[in-house]
Amino acid sequence: PIPTTKFKRVMLKISGEALMGDQGFGLHPPTVERIAREVQTVQQMGVEICMVIGGGNIFRGLQGSAQGMERTTADYMGMLATVMNALAMQSALEELGIHTRVISAITMNEVAEPYIRRRAVRHLEKKRVCIFAAGTGNPYFTTDTAATLRANEMACEAIFKGTKVNGVYDKDPVKFADAKRYEKVSYDEVLAGHLGVMDASAIALARDNSLPIIVFSLDEPGGFRGILSGQGTYTTVG
Ligand code: UDP
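Quantities reported herein were computed from a predicted structural model and do not represent experimental measurements.

Asks: Any chance you could explain the overall build of the protein chain here in plain terms?
Replies: In terms of regular secondary structure, the protein chain is built from eight helices and nine strands. Relative to the compact-globule value of 18 Å for 238 residues, the protein chain shows a C-alpha radius of gyration of 17 Å, a close match. Each of the 238 residues in the protein chain was classed as buried or not, and the buried ones make up 44%.

This is the structure in structure tokens:
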């Protein structure tokens, strides 16, 4: 039986690095496929799914500019990296029979739809997965902010931030055995404690619109679906 959920529409934010597997760079198709299956299990629950995927597995603007590249150009390269990741995810989802649209904040009509809010909403109503690519379309932002922006625009009930760990800790749980996981933490605590959930502009945008951020582990099979049906460990930022 398919578990039930109170969620109708959600945003799933994953970093580009989540798609690279153990390679240290780029795209690892079996890993993309594994995440696509996680998305599929949630789609089968009837939940409408928005996705934002970062680009850090390919290019980050800050790294480029640290090496002497002009910042805005480097940021546009980062945004283009997110389009590549979005296309890879679209391909994996469609392989599973899930209708998927890549919607780009930078117009490139040959590869992705332009962002038109009402059109995106219509796709969601028709149960198509919408992957929002090219971030916000502006330099100096991140895909965390893009995910928060689109989640607000699409009236998602929450952002699900898939990470390597199953929540927000007071210190790095990979390095410290006594790190403590929060059940719930406020936006302001995240900002003041520099807890590294998302960057400050994303947290502030979520706070100002009372949009909960649920931090969970993308590595636990069935984790995404489990949390949507009220199980598993995670942290709610709200
Ligand atoms: N980026 C940008 N504007 C946006 C979103 C992303 O300029 O609205 C650029 C920025 O250079 C960033 C890169 O795209 O470093 C990749 O995104 P991000 O670092 O958020 O990816 P993640 O860390 O989630 O993989």
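So much for the structure itself; the text now carries on.
Asks: Sorry, what's going on with the site of the ligand here?
Replies: The local shell around the ligand holds 23 residues, among which Gly54, Gly56, Gly61, Gly78 and Gly135 are the closest. The set of elements that each furnish at least two residues to the shell around the ligand consists of α2 (61-66), α3 (71-95) and α5 (143-153). Element by element, the count of residues in the shell around the ligand is highest for α3, at five residues. Counted by class, the shell around the ligand contains six nonpolar, 13 polar and four charged residues.

Asks: Is there a simple way to explain α3 in this structure?
Replies: For the α-helix, the turn length of 3.6 residues means that residues three or four positions removed from each other point alike. Here α3 spans 37 Å end to end across 25 residues, near enough to the 36 Å set by a 1.5 Å rise per residue. Just beyond α3, the residue with positive phi is Gly97, at close to 85 degrees.

Asks: Is there a simple way to think about the sheet that holds strand β2 (residues 48-53) in this case?
Replies: The strands that make up a sheet pair up through hydrogen bonds in the backbone, lying either parallel or antiparallel. Across the sheet, which stays open at both edges, the nine strands sit in the order β4-β3-β5-β2-β1-β6-β8-β9-β7 with mixed pairing between neighbours. On the outer flanks of this sheet lie β4 (113-114) and β7 (184-185), each paired with one strand and no other. Sheet topology note: the strand β3 (residues 100-104)/strand β5 (residues 129-133) ladder contains five bridges and is parallel. Looking at the pairing, Ile103 lines up with Phe132 of β5. Where helix α4 (residues 117-125) meets the sheet, its contacts fall on β1 (9-14), β2, β3 and β5, and the angle it forms with β5 comes to roughly 145 degrees.

Asks: Would you explain the packing of helix α1 (residues 29-43) against α3 in this entry?
Replies: Any two packed helices are characterised by how steeply their axes cross, that is the angle between the axes, and by the distance between the axes. Look at α1 against α3: their axes get within 9 Å of each other, and the N-to-C directions meet at 60 degrees. In terms of orientation, α1 and α3 fall into the oblique class. Seen from above, α1 lies across α3 with right-handed handedness. Of the residues in α3, those in contact with Val32, Glu33, Ala36 and Val39 of α1 are Ala88, Met89, Ala92 and Leu93. Its residues placed into classes, the contact of α1 with α3 shows seven nonpolar, no polar and one charged.

Asks: Is there a simple way to think about unusual backbone geometry in this case?
Replies: For residues other than glycine, phi is negative in most cases, and the peptide bonds are mostly trans. Within the chain, Ala134 stands out as a residue other than glycine whose phi angle is a positive 65 degrees. Positionally, Ala134 belongs in the loop between β5 and α5. Exposure remark for Ala134: the 26 C-beta atoms within 10 Å place this residue in the buried category. Phi at Ala155 takes a positive value of approximately 55 degrees, unusual for a residue other than glycine. As for its position among the elements, Ala155 is in the loop between α5 and β6 (158-163).

Asks: Sorry, what's going on with the confidence of the model for the protein chain here?
Replies: Low pLDDT means the predicted coordinates in that region are not meant to be read closely. Per-residue confidence for the protein chain gives a mean pLDDT of 96; residues scoring 70 or more make up 100%. Prediction confidence for the complex, expressed as pTM and ipTM, is 0.97 and 0.98 respectively.

Asks: Mind showing me how you'd approach the environment of Glu113 here?
Replies: The topology assignment puts Glu113 in strand β4. C-alpha separation for the pair Glu113 and Arg101, spaced 12 residues apart in sequence, amounts to 7.4 Å. Setting aside its immediate chain neighbours within four residues, Glu113 contacts Arg101, Val102, Ile103 and Ser104.

Asks: Would you mind going over the pairing of β1 with me for this structure?
Replies: Consecutive side chains along a regular strand alternate between the two faces of the sheet. Counted residue by residue, β1 has five buried out of six residues, so it is predominantly covered. Each parallel crossover has a hand, and the one from β1 via α1 to β2 is right-handed. Inspection of the sheet shows β1 paired to β6 by five bridges, in the parallel sense. Pairing of Val10 across the sheet is with Ala158, part of β6.

What counts as what
Residues numbered from 1 in each chain as written. Predicted model: local features only at pLDDT ≥ 70, side-chain atom pairs only at ≥ 80, totals over all residues. Helix = DSSP H or I, 4+ residues; strand = E, 2+ residues; numbered from the N terminus. Rg over C-alpha atoms; globule rule 2.2 N^0.38 Å. Buried ≥ 20, exposed ≤ 12 C-beta atoms within 10 Å, placed from the backbone. Near = placed C-beta within 6 Å. Nonpolar A, V, L, I, M, F, W, Y, C, P; charged D, E, K, R; others polar. Expected span 1.5 Å × (residues − 1). Pairing = 2+ DSSP bridges. Contact = placed C-beta atoms within 7 Å. Axes fitted to C-alpha atoms, helices over the stretch in contact; angles between N-to-C directions. Parallel < 35°, antiparallel > 145°, perpendicular 65-115°, else oblique. Left-handed = near helix turned anticlockwise from the far one by under 90°. pLDDT = per-residue confidence, 0-100. Right-handed = clockwise from strand over helix to strand, strands pointing away.

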